[in-house]
Amino acid sequence: MAGSLTAAAGAVALPAFSPDVAAAAPYNGNTLVSMFLRGGCDGLSLFPPVGHPAYFDARPAVAVPAEAALPLSGPGADGDFGWHPGATKLSALFDAGRVAVVPAAGSPDHSRSHFDCQDGIDKGVPDNRLSRHDGWIGRFLASTSSGDHPLRAFSAGSGLAPAMRGYPGISASSVDQLGLSTWGEDPEWVMDMLASGYTADAAGADLAGWAGTTLGALGELAPLVAAGGDLPDGWPTSSTGRLFFTLARLLEEGFPVQAATLDVGGWDHHDQMGDATDVNGRTRRQIAMLDEAVGAFMARMDAAGLGERVTLVAMTEFGRRVAENSSGGADHGHAAPMLVVGGGVVPGVHGGYPGVSPDDLDRGDLAVTVDQRTVLSELLAKRLGAGDLAAVFPGFDTAPAGFLGVAS
Amino acid sequence: MGSAATHTEDRDRIDATARNRSGASEPAGGPGAGSRRQLLRMGSLAGAGLAAAACAPAPPAPTNPGTGGSGAPAGPPVWGGTTGSLASGRLTWGSTPALAAHIDRVGLDVWLERQLAWRNIDDSHIPAMVAPWPRPALGAAEIRQLGQEWLVAKELAAHETIRRCFSNRQLHEVVVDFFHDHFNVDVNTTPAQWHMPDYDRTVIREHALGRFADLLPAVASHPAMLHYLDQASSRADHGRTPNENFARELLELHTVGSEGGYDEDDIKAVAHLLSGWSVGDGTGGFTFRSAWHDMGPMAGRTVLGWNPGGLSGEAAGRAFLAHLARHPATARKLCHELAVRLVGEHVGPHDPLVDRAVSAYESSGTSIPAVVRALVLSAEFGESAGAKVRRPASLVTQFVRALGIEWQTPSDPDSFLWRNWNGLASLGNANHSWPAPNGYPDSNGYWLSVGALVARWNLAVWFSHGAIDGLPFDAASTMQWAPNGRWGEWLDELAMRTTGEPWPPQQRTTILEHFEVDADTEFRPWDHWAAPQVVTVLLQTPRFQRS
C-alpha cells in the first residue's frame, strides 16, 4: 500500500505556487518551530525574579522561593532571575548555551483579553488585528517560494494554526492521522475517486483546493505513516509530548519542513497555582510538562544531527498580573515571556527587565521591553532567510533593534 | 489522551478483516487518474489564490477569519437546491431527502414554528436509547457518589450524539450546541465536570429557545460556570483582590464583547461587584457568600451605562446581569454570532440581516426564537446554501441521518461510549472539550486543513463498513433499492435516497468502470463485497462536508 502511494505521488508532483510573483527563499535546511503557550503563561513563575524583593511582596502565597529556584546565570541575567524548579531541562539547555530568554516581551495590545491578544499575535498585527484574516507564518510562506513541497508547513494539532492561515499547510496530531484508510480497497483507486468527487465540486473552490493539496501530501507521507507513530519508551506522554514526537518524526525523516507550529494549552492559572516546591503543584506540573516535551524533542533532534537546524520559539498572549489574587492565582497581565531554543541562538537574557516594584509597573503589570514581532522577524530573517518582513508584519518597523538573540 | 491507541488498534483490526475479503484491485494509473491530475492542479491554483489574497489587505470590518478570507457563500447548492434541502441541512444535525421534501411541502415558516415550540414535539423514544449511560441524568452529588466521575464527559457525549441523530427536536439541538459554545465550560476540568450534566439540562437546554435575559443569570449562577471561570473562590473582603476571570469573560464573551465599551478598571469593578458569587462546599449549588462580598470601586461607579445606585450584594449583581442582557452591544454580538451559525461567516456584524435580528431581540424582550425567526425567514438565509463547512461532530450525525441508520442498543455499551468519544476527539471536536471559554470556532477556515480532510475521509470509511456498535449499517442492503437488481439503478437510488441529488456523472462512470460493469449489468454473486466501497466513495464526496 505504501509503495503504490509513493509511486503515485511521484507521478503527479504538485507544481510550485505562483513562482513568478513570490520572492525566493530557498530551503536552507532550517526549521522554525513556533510554539504558542495558550492561556497566558506566567513569566514570573517560569523565570521568577528572585533578585527583586518586590516579587515576594506581590506574591506572598505563590512566589517561587529563592532557594527553590534553579540558578539562571549568563549574559543579561545579573542574578535577577532563576528558573522554575520544574524547568530542569530548559535550565540545562540554557547552561549549554542553547537558550535565549526574553522575560518581558509583549505587544501593544492592552486588552488583557485572551482572544484579542492571541488573535493579534497570530496575525502579526496586534495593533490592527481586524485588518487581516491571515497569520504571520502564512504570509511569510505565501510571499516566498522554496520549491513548495507539500510538507513545507506543518501544524502539530487537529487544525491549521491561526498563524499559518493564508498558506495551505498540513495539520495532524499524530502520524496515524496522516494515513488514508482504504479498508482493503486499492489506494490508487480511492485517491482517484476522491479527486473526481472534488473536481466535480469545482464551484466551491476552497474544498477542491484543499482536496488537491491533501492528495498531493498523502503520497509523500505514506512511508512515514507505514513506519508508524508509536511513542518510544520514556517519551513524555502528555498531549504536547505527542505533538512534539509527530513533528520530530517528520523532521528526522528528512521532510523539508520550513515552518511548524505547536500549541500548548493550559496556562490560564487564575487560581491554585500551588507550591513551586511541590511536584504536584498546578503551575509546576504545567511547566514540567512543557520542559519535558521540549527536552525530549531537542535530544531527539540532536541525535538526528538536526540540533543546529531546528529553532523553537515560544510565546504567549500575555503574562499574568504581578500581584496574586484571592484564589491563589494571578489574573491577566501584560508583558509575557518568550523563549528561543536551539539552532542559532545567542544565549542569555535579552531585552532587559523592567522590574516588579509598584513604580516599575505598567497599569499594574509587568511592562513590555521587547515587541514579540522583533523576535519573530529576526528569526525569519536569520534562520529562514529572505522574505519581505514588511509584508509579514505590516506597519511594524522590523529593523533589528533590541533583541538580537539570534546569531545566524 | 490515552484513547488514541485504542482508536488505532480498532482501525487496524477492521482493516485486516476488510483486506481478507477485498476483491481485485486496479493497477496504478487506472481510470480516474486524469481527474486526479486535474485536481492536483486545482490544489496548486488554490494555493496561488491564497498567496495572492495574502498580499492584499483585507476589506474593512472583516469578521470571518476563514482561510483565504472566503467572503460570499461560494459553491453549488447542496442537497437538491430547494429551501427544504437548505433548511434540513442547516437547522438540523443532518439533512435527509425526506425531511427536505417535508419542509418544502409544509413551508419553512410552518416547520420552523413547530421546531421552535420544541416542548410540544414528542421525543419520548430518547430516554430508552440513552439508558445504558446513567450519569447525565444525575445531579453533581449523585455523580460523585456513583464514582468514576471521569465518565461524565463521555456519557454526556454519547447522549448528545444520540439526541443529535434521533431527536425530533432538531432545531433545539442545534441551538443547544450554539449556546454550549457561547457559554463554554470545558468538561475536562474538575470540579466543573460534576456539574456539567445539570448545566446542560437545567441551564442550556432549558433556556436555549427561551429568553436570553433568563439564560444569562442561569449561567452566571451555575456551579459549572462558577467553578470553570474561578468565580467560586473569588473574594474581596478585607482588601483581597478578587478573581477577574469570570468578570472579564462575562463582558467579553457572554455579553457586550471586547468592543462593547469597557476598560480594565471596569473589569476590576465588576470583579468586585460579583465577589461572593460562589458555590456551596463539595458538590454544592450556587451560594452568595456575603462575607466575601465587597463592592469596592464598583460603589458609585458607572459601567456600561449601569450604576448600582444604592444596591449591593447579590441583588446588585443580578441587576447588572439584567442590564447586560438588554445592552445594545449584547444584542448585536449575540445576533451576529447566531447569524454566523445559521447563515454563515460572510455575514458581518453590521449587515442589514443582523440589524433586523437585533430589532427582533429588542422588541421581543430578548427572545431567542424571535432572533432565529428573523435570521432563518430571510432572503440572506435562502441565498446561503453551501456556505458552511460542517464541523466534524455534525459530519458524524450527517452520515447517520443520510444513511438512515437506526439505533440499536449496543451489545457493549462501553464500545459505543469510547468509539464516540475517541472518534470525535481525534477529529478535534469532542463534546464540551474546547479548552478556552470561547467555545469551538464557527469558521470554515478553522476546520479545513490537510490533516482534517484525511480524518473526514477516514470517518466515511468507518460508517460505510458499519463498524460502529450501536449504529449498524449494512452497505449491501442498499442494493435492494435497485428494483431490477442492476448496477446503474442501484447507484442512482443510493445517491438520491441519501443525498437527494444524482451522483456526479463522471464519478458514476468511473465507479462502473472500476467494477467492470455497465449501468445495465445485473448484480453478480460477489458484488455485495463492493457495496461498502461504493458507499465510501459517496460519503467522501464534498456534498457531505457542507451545509
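Small disclaimer: the values here were computed from a predicted structure and weren't measured.

### Concerning the overall build of chain B
Then comes step 1: If you tally the helices and strands in chain B, you get 26 helices and 2 strands.
Then comes step 2: The buried share of chain B, reckoned over its 547 residues, is 61%.
Then comes step 3: Contacts spanning at least 24 positions in sequence make up 72% of the contacts within chain B whose residues lie at least 6 apart.
Then comes step 4: On chain B, roughly 19300 Å² of surface is accessible, and the fraction owed to carbon and sulfur atoms is 53%.

### Examining the confidence of the model for chain A
Low-pLDDT portions of the prediction should not be read for the details of their coordinates.
Then comes step 1: Residues of chain A with pLDDT of at least 70 account for 91%, and the chain-wide mean is 89.
Then comes step 2: The model gives residues 1–22 of chain A a pLDDT under 50, and that stretch makes 38 contacts with residues more than four places away or in other chains.

### Let's talk about the packing of aromatic side chains
Then comes step 1: Evaluated as defined, the whole model comprises 31 aromatic pairs over all chains.
Then comes step 2: Ring centres 6.4 Å apart and planes at 55° place the aromatic pair Phe212(B) and Tyr361(B) in the tilted group. Of this pair, Phe212(B) sits in helix α11 (residues 212–220) while Tyr361(B) sits in helix α17 (residues 352–363), and the two are 149 residues apart along the sequence. The same class applies to Phe212(B) as to Tyr361(B), namely buried.
Then comes step 3: Ring geometry for Trp434(B) and Tyr446(B): centres 5.8 Å apart, planes at 80°, overall edge-to-face. On the criterion of sequence distance, the pair formed by Trp434(B) in the loop between α21 (413–426) and α22 (444–447) and Tyr446(B) in helix α22 is long-range, its members being 12 residues apart.
Then comes step 4: Members of the aromatic cluster, joined through ring pairs, are Trp189(A), Trp487(B), Trp490(B), Phe515(B) and Phe523(B).
Then comes step 5: Positioned over the ring face of Phe36(A) is Arg38(A), at 3.9 Å from the centre of the ring.
Then comes step 6: A cation over a ring is seen here: Arg289(B) above Trp292(B), with NZ or CZ 4.8 Å from the ring centre.

### Some words on unusual backbone geometry
Residues and elements named next belong to chain B.
Then comes step 1: The linkage connecting Thr 190 with the following residue, Pro 191, adopts the cis geometry, with an omega of 5°.
Then comes step 2: Its place among the elements puts Pro 191 in the loop between α9 (170–182) and α10 (192–207).
Then comes step 3: Positive phi outside glycine occurs at Gln 148, with the angle close to 50°.
Then comes step 4: Mapping Gln 148 onto the fold places it in the loop between α7 (140–146) and α8 (151–166).
Then comes step 5: Its identity as a non-glycine residue notwithstanding, Thr 366 has a phi of 65°, on the positive side.

### Re the packing of helix α24 (residues 487–499) of chain B against helix α26 (residues 531–539) of chain B
Residues and elements named next belong to chain B.
Then comes step 1: Close contact between α24 and α26 brings their axes to 11 Å; oriented N to C, the two are set at 45°. Relative to α26, α24 is oriented oblique. Seen from above, α24 lies across α26 with right-handed handedness. For the pair α24 and α26, the contacting residues are Trp 487, Trp 490, Leu 491, Leu 494, Ala 495, Thr 498 and Thr 499 in the first and Ala 531, Val 534, Val 535 and Leu 538 in the second.

### Observations regarding the pairing of strand β11 (residues 336–342) of chain A
All names here are of chain A.
Then comes step 1: Of all the 7 residues making up β11, 7 are buried; the element is thus mostly covered by neighbouring parts of the structure.
Then comes step 2: Relative to β11, strand β5 (residues 99–106) runs antiparallel, the two sharing 5 bridges. Its bridge partner lying in β11, Val 102 is registered against Met 338.
Then comes step 3: Sheet analysis places strand β10 (residues 310–316) next to β11, joined by 4 bridges and oriented antiparallel. What sits directly across from Val 313, in β11, is Val 340.

### A few points about the environment of Gly89(B)
Residue and element names in this part refer to chain B.
Then comes step 1: By the element assignment, Gly 89 lies in helix α3 (residues 83–90).
Then comes step 2: In sequence terms Gly 89 and Ala 100 are 11 residues apart; their C-alpha atoms lie 8.3 Å from each other.
Then comes step 3: Leave out the neighbours within four places in its chain, and Gly 89 touches Ser 95, Arg 390 and Ser 547.

### Section: the pairing of strand β7 (residues 153–156) of chain A
Regular strands place side chains that alternate from one sheet face to the opposite one.
Residues and elements named next belong to chain A.
Then comes step 1: Residues Ala 153 and Ser 155 line one face of β7 and the alternating positions Phe 154 and Ala 156 line the opposite face, and both faces are buried.
Then comes step 2: Strand direction decides the pairing type here: β7 and strand β9 (residues 259–264), joined by 4 bridges, are parallel. Across the sheet, residue Phe 154 finds its bridge partner in β9, namely Ala 260.
Then comes step 3: Sheet topology places β7 next to strand β8 (residues 170–172); 3 bridges connect them, and they run parallel. Looking at the pairing, Phe 154 lines up with Ile 170 of β8.

### A closer look at the confidence of the model for chain B
All names here are of chain B.
Then comes step 1: Residues with a pLDDT of 70 or more make up 85% of chain B, whose mean pLDDT is 87.
Then comes step 2: Confidence over residues 1–33 falls short of pLDDT 50; this stretch has 36 contacts with residues more than four positions distant or in other chains.
Then comes step 3: Counting interchain partners and residues more than four positions distant, the pLDDT-below-50 stretch residues 44–78 has 78 contacts.

### A closer look at the packing of helix α9 (residues 239–252) of chain A against helix α10 (residues 282–303) of chain A
When two helices pack together, their arrangement is given by the angle between the helix axes and the distance between those axes.
All names here are of chain A.
Then comes step 1: Two numbers describe how α9 lies on α10: the axes approach to 9 Å, and their chain directions differ by 15°. By the angle between their directions, the pair α9 and α10 is classed as roughly parallel. Judged by the sense of rotation from one axis to the other, the crossing of α9 with α10 is right-handed. Across the interface between the two elements, Thr 240, Gly 241, Phe 244, Phe 245, Leu 247, Ala 248, Arg 249, Leu 251 and Glu 252 of α9 pack against Met 289, Ala 293, Val 294, Phe 297, Arg 300 and Met 301 of α10.
Then comes step 2: Partitioned by chemical class, the residues of the contact of α9 with α10 number 10 nonpolar, 2 polar and 3 charged.

Rules and cut-offs
- Residues numbered from 1 in each chain as written.
- Chains lettered and ligands numbered in written order.
- Predicted model: local features only at pLDDT ≥ 70, side-chain atom pairs only at ≥ 80, totals over all residues.
- Heavy atoms only, no water.
- Helix = DSSP H or I, 4+ residues; strand = E, 2+ residues; numbered from the N terminus.
- Buried < 20%, exposed > 50% of the residue type's maximum accessible area, 1.4 Å probe, protein only.
- Contact = heavy atoms within 4.5 Å.
- Areas by Shrake-Rupley, 256 points an atom, 1.4 Å probe, with all protein chains shown as cover.
- pLDDT = per-residue confidence, 0-100.
- Phe/Tyr/Trp six-rings, centres within 6.5 Å; stacked < 30°, edge-to-face > 60°.
- Lys NZ or Arg CZ within 6 Å of the ring centre and 35° of its normal.
- Axes fitted to C-alpha atoms, helices over the stretch in contact; angles between N-to-C directions.
- Parallel < 35°, antiparallel > 145°, perpendicular 65-115°, else oblique.
- Left-handed = near helix turned anticlockwise from the far one by under 90°.
- Pairing = 2+ DSSP bridges.
- Nonpolar A, V, L, I, M, F, W, Y, C, P; charged D, E, K, R; others polar.

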